[in-house]
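# Topology and contacts: notes
Here is what each chain is made of, one letter per residue.
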Amino acid sequence: MTPLRTEAALVAALLVSGCAGADAASRRELDALRADVAAAREENRQLARSVESLQARLDAMAARLGRPHPQAEAPSRPVEPVAEPVVVPGGLAVVRVEPPSTRRAPPVPTSVAIVEPDGSRLEALARRGGRDLASEAEAELRAARKRDGLARAHALEDFAARYPRHPQAGAALVESAAAYADAGREEAGCALVRRVVEEYPAGDAVSEALWRVARCEQRGGQTEAERRVLTRLVTEFPSTSAARRAGERLAAITGRSGGESSAGGAARSGP
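Owing to the predicted nature of the structure, the values given are computational and were not obtained by experimental measurement.

Structurally, Ala214 is set in helix H9 (residues 206-219). For Ala214 and Ala225, which are 11 residues apart along the polypeptide, the C-alpha to C-alpha distance reads 7.6 Å. Not counting the four nearest positions on each side in its chain, Ala214 is found in contact with Glu226, Val229 and Leu230.

What follows is the structure in structure tokens.
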């Protein structure tokens, strides 16, 4: 009788060969190992049927002779198959996989960056109350207004950034815009007065800011936009000096537009 072939060795070789994922020669070796495993399984099934048939005949002969079954006197231990050595084909690498219990999680950074607090904020928190803050803000505003040129523009803009809820924050931005315009930086000044109109619509400086926005539209050649801003200024702030200037500018725009239309009509009606 052919001895029982062990599937453990073939299965192990199949697993080792499959883990490397190598070239065509290795794949052929893998297919051959799979065929050997299938053949071994079929041979084991046939041997199992032969063993069962011989056991049945042995039991029948023992019953006729009146002798006890050999297994009843000394039960035999099943013969454990001896694992054949696993041969790794050339060109394949054996990959060792650690059990899940031995794997270590990647290190996770737990340190937190230390950010130094703003000294001015700590100093403000340490003061006794809001009266000190108000007096300091007034002192900064007076100091900013004493400067000239771009230094004045920058100081007033910084004041509004540091104290955005101060009653004079909008006025400081308008004064900063005027300083920028006097220094030849009209675009920076226009950006500031537009901020005043959007962020401080109920402030005391919004009328002057609208007047300067209209001047910005005039410099850009946007006559219709200038007209809309001037009309808003005259309608919403009629008692201000900026509204008086806006009315004069509207009259000038209207008169010039009419004159241009008349001149244009005369030119078109000529021969």
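That shown, we press on.
Between helix H6 (residues 149-162) and helix H7 (residues 169-182), the shortest axis-to-axis distance is 8 Å and the interhelical angle comes to 155°. In terms of their interaxial angle, H6 and H7 are classed as roughly antiparallel. In this structure, H6 crosses over H7, and the sense of that crossing is left-handed. Contacts between H6 and H7 pair Gly149, Leu150, Arg152, Ala153, His154, Leu156, Glu157, Phe159 and Ala160 from the former with Ala169, Ala172, Leu173, Glu175, Ser176, Ala179 and Tyr180 from the latter. Partitioned by chemical class, the residues of the contact of H6 with H7 number 10 nonpolar, three polar and three charged.

A word on the pattern of salt bridges. Once their charged atoms are close, side chains differing in charge can pair, the charge on each being opposite to the other. Overall, the coordinates contain 14 salt bridges when judged by the stated rule. As a salt-bridge pair, Arg195 and Glu199 come within 3.4 Å of each other at their nearest N and O atoms. One end of the pair is Arg195 and the other is Glu199, both in helix H8 (residues 186-199) and four residues apart, which spans about a single turn. Linked through salt bridges whose partners overlap, the residues forming this network are Glu136, Glu140 and Arg162.

Our focus in this paragraph is the packing of aromatic side chains. Taken as a whole and assessed by the stated rule, the structure comprises one aromatic pair. With a centroid separation of 5.3 Å and an interplanar angle of 40°, the aromatic rings of Phe159 and Tyr163 are classed as tilted. Exposure class is identical for Phe159 and Tyr163. Each is buried.

Thresholds, definitions, all that
- Residues numbered from 1 in each chain as written.
- Predicted model: local features only at pLDDT ≥ 70, side-chain atom pairs only at ≥ 80, totals over all residues.
- Heavy atoms only, no water.
- Helix = DSSP H or I, 4+ residues; strand = E, 2+ residues; numbered from the N terminus.
- Contact = heavy atoms within 4.5 Å.
- Axes fitted to C-alpha atoms, helices over the stretch in contact; angles between N-to-C directions.
- Parallel < 35°, antiparallel > 145°, perpendicular 65-115°, else oblique.
- Left-handed = near helix turned anticlockwise from the far one by under 90°.
- Nonpolar A, V, L, I, M, F, W, Y, C, P; charged D, E, K, R; others polar.
- Salt bridge = Lys/Arg side-chain N within 4 Å of Asp/Glu carboxyl O.
- Phe/Tyr/Trp six-rings, centres within 6.5 Å; stacked < 30°, edge-to-face > 60°.
- Buried < 20%, exposed > 50% of the residue type's maximum accessible area, 1.4 Å probe, protein only.

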